[in-house]
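A structural walkthrough
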Amino acid sequence: ETGVTQSPTHLIKTRGQQVTLRCSSQSGHNTVSWYQQALGQGPQFIFQYYREEENGRGNFPPRFSGLQFPNYSSELNVNALELDDSALYLCASSLRGNGEKLFFGSGTQLSVL
Amino acid sequence: AQSVTQLGSHVSVSEGALVLLRCNYSSSVPPYLFWYVQYPNQGLQLLLKYTSAATLVKGINGFEAEFKKSETSFHLTKPSAHMSDAAEYFCAVSEAGGTSYGKLTFGQGTILTVHP
């Protein structure tokens, strides 16, 4: 049990819709990283938030956006959903300066029809 | 840029046999290297990490990995497989410290099957 919770666990949307995924980080952690894991692939880095500011972004288009709140929980928003957005979305929380130790949640499985 | 190649998308061993999962990396700067395990319908759990200290790294559940700079490898081993080791394993790399903190590049994964 990592103490990182994600909601919802499963979600079905249709192409063109918008979706918001939520992550509650482990107590005391100030950094949240989001990853996309397509079926049969390794996770891909989407972006990271540190103290409510975006702190790095992977190769994802602007329709992927995020927020981090004062309590360090986080949201991932995806606009104009495409079929290829179907994947497991993983959130990882960490405490900067704690040796790169990421704690992953169980993920949100998003299906786009 | 950095990348990770995991050789073998599926590895099958008998219970009690040696487990060897291969990982090669590419990085233009000194890397941090990680092995994660993922059980079905779960997130990733850190097995072990290399962050420029000892080249032989011991992790949880009896796993260990050796950083070999000359071979750009970070293979994962366990002397004796257990049924509970059946899972998917991911090797990952990040640039050491600084702005790359927490931004990992993962390999494609290796599914480990353990036969009785």
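Residues numbered from 1 in each chain as written. Chains lettered and ligands numbered in written order. Predicted model: local features only at pLDDT ≥ 70, side-chain atom pairs only at ≥ 80, totals over all residues. Heavy atoms only, no water.

**So, the environment of B:H115**
Residues and elements named next belong to chain B. Tracing the backbone through its elements, the reader meets H115 in strand 11 (residues 110-115). Residue class for H115 comes out partly exposed when judged on its relative accessible area of 38%. Each C-alpha atom of the pair H115 and W35 lies 22 Å from the other, and the pair is 80 residues apart in sequence. For H115, the residues in contact, after removing those within four places along its chain, are S12, V13, S14, E15 and M83. (Helix = DSSP H or I, 4+ residues; strand = E, 2+ residues; numbered from the N terminus. Buried < 20%, exposed > 50% of the residue type's maximum accessible area, 1.4 Å probe, protein only. Contact = heavy atoms within 4.5 Å.)

**Describing the interface of chain A and chain B**
Each partner contributes to the interface: chain A provides 26 residues, whereas chain B provides 23 residues. Counting the surface lost from both chain A and chain B, the interface buries some 1,800 Å², and carbon and sulfur atoms represent 51% of this. At the boundary of chain A with chain B, the tally comes to zero salt bridges. The interface formed by chain A and chain B includes four residue pairs in polar contact (both at pLDDT 80 or more). When contributions to the side of chain A that touches chain B are tallied by element, the ones reaching two or more residues are strand 4 (31-37), strand 5 (44-50), strand 6 (53-57) and strand 9 (87-94) of chain A. The greatest single-element share of the side of chain A that touches chain B, amounting to four residues, is contributed by strand 4 of chain A. Residue composition of the side of chain A that touches chain B, grouped by class: eight nonpolar, 15 polar and three charged. (Buried area = accessible area lost by both parts, 1.4 Å probe. Salt bridge = Lys/Arg side-chain N within 4 Å of Asp/Glu carboxyl O. Polar contact = N/O pair within 3.5 Å; in protein donor to acceptor, adjacent residues only side chain to side chain. Nonpolar A, V, L, I, M, F, W, Y, C, P; charged D, E, K, R; others polar.)

**Points about the pairing of strand 11 of chain B**
Residue and element names in this part refer to chain B. Alternating residues of strand 11 divide into T110, L112 and V114, all buried, and I111, T113 and H115, none buried. Two elements, strand 2 (residues 10-14) and strand 11, share five bridges in a ladder whose sense is parallel. Counterpart to V13 in the pairing with strand 11 is V114. Here strand 9 (residues 87-95) pairs with strand 11 via three bridges, running antiparallel. Bridging across to strand 11, A87 finds its partner in L112. (Pairing = 2+ DSSP bridges.)

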